[in-house]
Amino acid sequence: MEKDLSNYRKAYIKKELRKSEVPENPMELFQKWFYEIEASNNIEEPNAMTISTLGLDGFPKNRVVLLKKFTWEGFIFYTNYLSEKGKAIALNPNVCISFFWHGAEQQIIIKGKAEKVAENLSDGYFESRPDGSKLGAWASNQSEVVSSRDTLDLSLKATEEKYKNIEIPRPDNWGGYLIKPKSIEFWQGRANRMHDRIRYELQENFEWKIERLAP
Ligand SMILES: Cc1cc2nc3c(=O)[nH]c(=O)nc-3n(C[C@H](O)[C@H](O)[C@H](O)COP(=O)(O)O)c2cc1C
């Protein structure tokens, strides 16, 4: 099989990113870009991000998860702590997350350390989820091999039965991670592949060093 994609070519021309205009704290710039992308309404899930972990097999692995909160401290998402990513993070908390917002020709790449959030925060978020999602968290051992679709469907049915008319608690192995950033790179597509790249790096004195990178 062969398909040549060398004609796929797009000019990036929408915006620019000037070092002289960026704020001292990258979370402020993240917030600005996020609000702009939300307001533009042309990206369906702007909170979808790719997270890569270094796996137990020595390979990096990317997958998409949903950002559920950001604060001055960092970025929070929820998952199964015993999943492949959960086990990878337990061994090596260094992760990389990235966003690509094609409507705005923007990419953000964040390196940081993941840590479990406080249990009451996970409880609060779990509580806010629809019952179907809560049951799914119990019915599926994320990342484990399953013999068939039927096995999954039966597991969900059994879980529905078990929690009929009673409150569905949060499984102990399900909760949030906070990713505390060490470096955040903002990429703005520009003409002639001369893109703007501004990288923030956290220094030992907790100030952010800001540098422009070549595209
Ligand atoms: C748009 C989208 C959103 C997703 N959101 C989440 C999420 O918030 N949490 C999660 O655990 N998995 C989410 N997933 C599924 C993950 O990509 C992945 O399949 C799952 O977490 C298992 O990954 P692992 O086996 O590498 O641990 C999402 C997938 C997509 C495509």
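What counts, and where the lines are drawn
- Residues numbered from 1 in each chain as written.
- Predicted model: local features only at pLDDT ≥ 70, side-chain atom pairs only at ≥ 80, totals over all residues.
- Heavy atoms only, no water.
- Helix = DSSP H or I, 4+ residues; strand = E, 2+ residues; numbered from the N terminus.
- Buried < 20%, exposed > 50% of the residue type's maximum accessible area, 1.4 Å probe, protein only.
- Areas by Shrake-Rupley, 256 points an atom, 1.4 Å probe, with all protein chains shown as cover.
- Lys, Arg positive; Asp, Glu negative; His and termini not counted.
- Charge placed at Lys NZ, Arg CZ, Asp CG, Glu CD.
- Near = heavy atom within 4 Å.
- Polar contact = N/O pair within 3.5 Å; in protein donor to acceptor, adjacent residues only side chain to side chain.
- Nonpolar A, V, L, I, M, F, W, Y, C, P; charged D, E, K, R; others polar.
- Contact = heavy atoms within 4.5 Å.
- Core = buried A, V, L, I, M, F, W, Y, C linked by side-chain atoms within 4.5 Å.
- Phe/Tyr/Trp six-rings, centres within 6.5 Å; stacked < 30°, edge-to-face > 60°.
- Lys NZ or Arg CZ within 6 Å of the ring centre and 35° of its normal.

Structural notes on the overall build of the protein chain
Move 1: On a plain count of helices and strands, the protein chain comes out with five helices and eight strands.
Move 2: In the protein chain, the succession of helices and strands from N to C terminus is α-β-β-β-α-β-β-α-α-α-β-β-β.
Move 3: Principal axes of the C-alpha set define a box for the protein chain whose edges measure 60 × 55 × 40 Å.
Move 4: When each of the 215 residues of the protein chain is scored for burial, the buried share is 37%.
Move 5: Approximately 13,600 Å² of the protein chain is accessible, and the part contributed by carbon and sulfur atoms is 50%.
Move 6: With 32 positive and 32 negative side-chain charges, the protein chain shows a spacing of 4 Å between the two charge centroids.

Topic: the site of the ligand
Move 1: The full set close to the ligand counts 13 residues, and R63, V64, T79, K85 and S143 are the nearest of them.
Move 2: Residue V64 places a main-chain N or O atom 2.6 Å away from an oxygen atom belonging to the ligand.
Move 3: Between the ligand and E84 there is a distance of 3.3 Å, counted from an oxygen atom to a backbone nitrogen or oxygen.
Move 4: Contact with the protein chains removes 66% of the 620 Å² of surface that the ligand exposes when unbound.
Move 5: Elements with a contribution of two residues or more to the shell around the ligand: β2 (60-70), β3 (75-80) and α2 (84-91).
Move 6: For the shell around the ligand, the class distribution of residues is four nonpolar, four polar and five charged.

A closer look at the environment of L82
Move 1: Relative to the helices and strands, L82 is located in the loop between β3 and α2.
Move 2: Distance from L82 to A48, taken between C-alpha atoms, is 21 Å for residues 34 residues apart in sequence.
Move 3: Sequence-distant contacts of L82, that is, excluding residues within four places in its chain, are made with K87, Q142 and N173.

Points about the environment of F126
Move 1: Of note, F126 is situated in helix α3 (residues 119-128).
Move 2: With a relative accessible area of 2%, F126 lands in the buried category.
Move 3: Ignoring anything within four residues of it in the chain, the contact list for F126 reads K134, A137, I168, P169, R170, P171 and W174.

Overview of the environment of L17
Move 1: Within the secondary structure layout, L17 lies in the segment before α1 (26-40).
Move 2: Considering only alpha carbons, one finds L17 and T53, 36 residues apart in sequence, at a separation of 29 Å.

Considering the nonpolar core
Move 1: With 32 residues, the main nonpolar core has F30, F75, F99, W101, I108, I179 and F186 as its most contacted residues.
Move 2: Residue assignment for this core shows that the elements contributing at least two residues are α1, β1 (48-54), β2, β3, β4 (94-101), β5 (106-116), β6 (174-188) and β7 (196-202).
Move 3: A per-element tally of this core places α1 first, with six residues.
Move 4: Ignoring any residue separated from it by four or fewer positions in sequence, one finds F75 in contact with M27, F30, L67, K69, F70, I97, I110, Y177, L178, I179, P181 and I184.
Move 5: Grouped together as the second largest cluster of nonpolar side chains are ten residues, I76, Y78, V117 and W174 included.

Comments concerning the packing of aromatic side chains
Move 1: Applying the stated criterion across every chain, the model contains 19 aromatic pairs.
Move 2: Considering the side-chain rings of Y200 and W208, the 6.4 Å spacing of their centres and the 80 degrees angle between planes classify their relative orientation as edge-to-face.
Move 3: Pairwise contacts between aromatic rings join F30, F34, F70, F75, F99 and W101 into one cluster.
Move 4: Cation over ring: K116 sits above Y81, and NZ or CZ is 4.4 Å from the ring centre.
Move 5: Against the face of W138 rests K162, its NZ or CZ located 5.9 Å from the ring centre.

Remarks on unusual backbone geometry
Move 1: Phi at N41 is positive, roughly 60 degrees, even though this residue is not glycine.
Move 2: Within the secondary structure, N41 sits in the loop between α1 and β1.
Move 3: By relative accessible area, which is 69% here, N41 ends up exposed.
Move 4: One non-glycine residue, R193, lies in positive phi territory at about 60 degrees.
Move 5: The topology assignment puts R193 in the loop between β6 and β7.

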